[in-house]
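Observations on the three-dimensional arrangement
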Amino acid sequence: MAGSAVASLHAKVLEQIGLAIVRGELAPGDPMPNADDWGAAHGVSRTVMREVMKVLAGKGMVESRPKIGTRIRDRSEWNFLDPDVLAWRYGSTSSHEDARALFELRRGIEPLAAALAARRRTPDDIARLYTLYERMEQAADDNDRFTEADLAFHQAILRMTGNELVGSLAALTETAMVISFRLSDDNPLGQRPSLPLHKRVCDCIAARDEEGARAAITELLDLAEEDVRRSLAARGGGG
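Along the chain, Gly 18 falls in helix α1 (residues 2-22). When the C-alpha atoms of Gly 18 and Ala 127 are compared, they prove to be 41 Å apart, with 109 residues separating the residues in sequence. Ignoring sequence-local partners within four residues, the contact set of Gly 18 consists of Leu 56, Met 61 and Trp 88.

Here it is, written out as structure tokens:
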């Protein structure tokens, strides 16, 4: 229990500082607040603060130098592909520019993955993909259940590529998809319009139709981005 509590506290402080950096409350070049003062203000030990700084340094957000201390690095040095940084950067925003960036990222990964999956899929892969599609079909009117199945569907395709490097992008894609879903969760059309395209992705991969799979998932991403843009426009989102 003690270890779990420390881990939870570590995650909470990491998120607080990460968000403060991403929002510009701690600007590039600024020194990090004194660890003792920050720790006292948030009720955490120096050890927890030290570990948090190590994690942020690993994400490219801070650097420590002798006689200078720990400072915020320039944004160009941040690892925006890190799932935490991605979530901090886009998780609380709702602009058209943010949506465009997220879908450009997904278009850079998922169409290639769909084509590779069509080339290399196994019978077991196809069975799993159709099972996930059926779960989406059954949950089309339940946004939470649909989202869970949809995430699993897209991640399965990445892992079906047979390329461990592409498969390792599943966590990154999950973060981008969750943010996309959050931005469109009030879509009055619901999830049903996307089902035929998901089915076409399944069929193309099953038929080893690489170009068809690539085209189907690209069209699916286009539809998803349009849903997000429509939702943002209804909310008065900027960008």
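Now, onward.
When strand β1 (residues 62-65) meets strand β2 (residues 69-72), the two strands line up antiparallel, connected through 4 bridges. Note on β2: the bridge partner recorded for Glu 63 is Arg 71.

Atomic detail in the predicted coordinates should be set aside for any region of low pLDDT. Within the protein chain, residue pLDDT values average 86, and 91% of them lie at 70 or more. In the model of the protein chain, helix α2 (residues 35-42) stands out as the element of lowest mean pLDDT, 75, in contrast to helix α10 (residues 195-206), which has the highest, 97.

In this structure the tally under the stated criterion is 19 salt bridges. Close ionic contact of Glu 51 with Lys 54 constitutes a salt bridge, the shortest N to O distance being 3.6 Å. In this pair, Glu 51 and Lys 54 are both assigned in helix α3 (residues 46-58), 3 residues apart and thus about one turn of the helix distant. On the basis of relative accessible area, Glu 51 is assigned to the partly exposed category, the value being 33%. With a closest N to O distance of 2.8 Å, Arg 192 and Asp 141 form a salt bridge. One end of the pair, Arg 192, is in the loop between α9 (170-183) and α10; the other, Asp 141, is in the loop between α6 (123-138) and α7 (143-160), and 51 residues separate them in sequence. For Asp 141, a relative accessible area of 65% translates into the label exposed.

With that settled, consider the packing of aromatic side chains. Scanning the entire structure with this criterion turns up 1 aromatic pair. Relative to Phe 80, the ring of Trp 78 has its centre 5.6 Å away and its plane inclined at 45°; by these criteria the two rings are tilted. Residue Trp 78 is classed as buried on the basis of its relative accessible area of 5%.

What counts, and at which threshold
Residues numbered from 1 in each chain as written. Predicted model: local features only at pLDDT ≥ 70, side-chain atom pairs only at ≥ 80, totals over all residues. Heavy atoms only, no water. Helix = DSSP H or I, 4+ residues; strand = E, 2+ residues; numbered from the N terminus. Contact = heavy atoms within 4.5 Å. Pairing = 2+ DSSP bridges. pLDDT = per-residue confidence, 0-100. Salt bridge = Lys/Arg side-chain N within 4 Å of Asp/Glu carboxyl O. Buried < 20%, exposed > 50% of the residue type's maximum accessible area, 1.4 Å probe, protein only. Phe/Tyr/Trp six-rings, centres within 6.5 Å; stacked < 30°, edge-to-face > 60°.

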